[in-house]
Amino acid sequence: IGAKVIVSDQGEDLLNADMIVLPGVGSFKAGIKSLKEKKLDSFIKEIAKTEKKILGICLGMQIFGKSSQEDGYFEGLDLFPYDVVSLFEKKTHIGWNYVSSNNSNQLYEEKLNTDFYFNHSFGYLVNDFSFGISSFNSIQFASFIKYKNIYGFQFHPEKSQKAGMQLLK
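Residues numbered from 1 in each chain as written. Predicted model: local features only at pLDDT ≥ 70, side-chain atom pairs only at ≥ 80, totals over all residues. Heavy atoms only, no water.

Undergrad: Break down the pairing of strand β10 (residues 139–147) for me, citing the residues and quoting the values.
TA: Where strand β9 (residues 130–136) and β10 come together, 6 bridges link them in antiparallel fashion. The residue bridging I133 from the neighbouring strand is A142, located in β10. Pairing of β10 with strand β11 (residues 150–153), which is carried by 4 bridges, proceeds in the antiparallel orientation. What sits directly across from F144, in β11, is F153. Between β10 and β11, which pair antiparallel in sequence order, lie 2 residues; one of them, K148, sits at a positive phi of approximately 55°. (Pairing = 2+ DSSP bridges. Helix = DSSP H or I, 4+ residues; strand = E, 2+ residues; numbered from the N terminus.)

Spelled out as structure tokens, the structure:
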């Protein structure tokens, strides 16, 4: 999409970024453990109090929550007041799925209401911060969340071809 990207786990590097992105592959337990070991958990919580944008993709979005049930019970960053739960009873949602807009915000409505690529079995149930909703095996879940300067995609925009690239822009 033409953005200059810096990959770093150092707070000083991230302070200069226009946006911080938490990527989305792995387990909640390993992800939150890594953030805590590098002291990025408290760094992200402080950044969330500013106007700097923070984007979480898949696991990155889940880490924003209060807690997760994946591989036990683990506390998240508590930036969203919701828990990450097992959505599909030992099934994994892999592939393309429709994301419908759940908000009257025209900016997002124009970018959603299309298919995006998913790969997950945990996530948030539909909540007050859900701007996009999807369903799999008759379970509705939040697929795009926005709260203040914090954004989260349960899907992978980077794997969602043209629709994902337009949303990231």
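Undergrad: Before we move on, could you go through the sheet that holds strand β4 (residues 74–75) and cite the residues and values that matter?
TA: Pairing is mixed across the open sheet formed by 4 strands, whose spatial order is β4-β3-β5-β8. The open sheet is flanked by β4 and β8 (122–123), the only strands paired with a single partner. Examined bridge by bridge, strand β5 (residues 83–86) and β8 share 2 bridges and lie antiparallel to one another. Among the inter-strand pairings, S86 is bridged to a residue of β8, identified as F122.

Undergrad: Hey, could you go over the nonpolar core for me, with residue numbers and the actual values?
TA: The biggest cluster of nonpolar side chains holds 26 residues, and the ones touching the most others in it are L22, I44, I63, F64, F80 and Y124. Counting residues per element, the ones that place at least two in this core are β1 (19–22), α2 (28–37), α3 (40–48), α4 (59–62) and β10. It is α3 that provides the largest number of residues to this core, a total of 5 residues. Beyond its immediate chain neighbours, meaning those up to four positions away, L22 contacts L35, I44, I54, L55, G56, I57, G60, I63 and F64. If you look at the next biggest cluster of nonpolar residues, it comprises 18 residues, including V99, F144, F153 and A163. (Core = buried A, V, L, I, M, F, W, Y, C linked by side-chain atoms within 4.5 Å. Buried < 20%, exposed > 50% of the residue type's maximum accessible area, 1.4 Å probe, protein only. Contact = heavy atoms within 4.5 Å.)

Undergrad: Break down the pattern of salt bridges for me, with residues and values.
TA: Summed over all chains, the structure comprises 3 salt bridges. The shortest N-O distance in the salt bridge between D9 and K38 comes to 3.1 Å. Of the two residues, D9 is situated in the segment before α1 (11–15) and K38 in the loop between α2 and α3; the sequence distance between them amounts to 29 residues. Accessibility expressed as a relative area gives 31% for D9, which makes it partly exposed. The class for K38 is partly exposed, based on a relative accessible area of 41%. Between K49 and E46 there is a salt bridge, with the nearest N and O atoms lying 3.0 Å from each other. The class of K49 is exposed, set by a relative accessible area of 65%. (Salt bridge = Lys/Arg side-chain N within 4 Å of Asp/Glu carboxyl O.)

These figures capture arrangement, not role.
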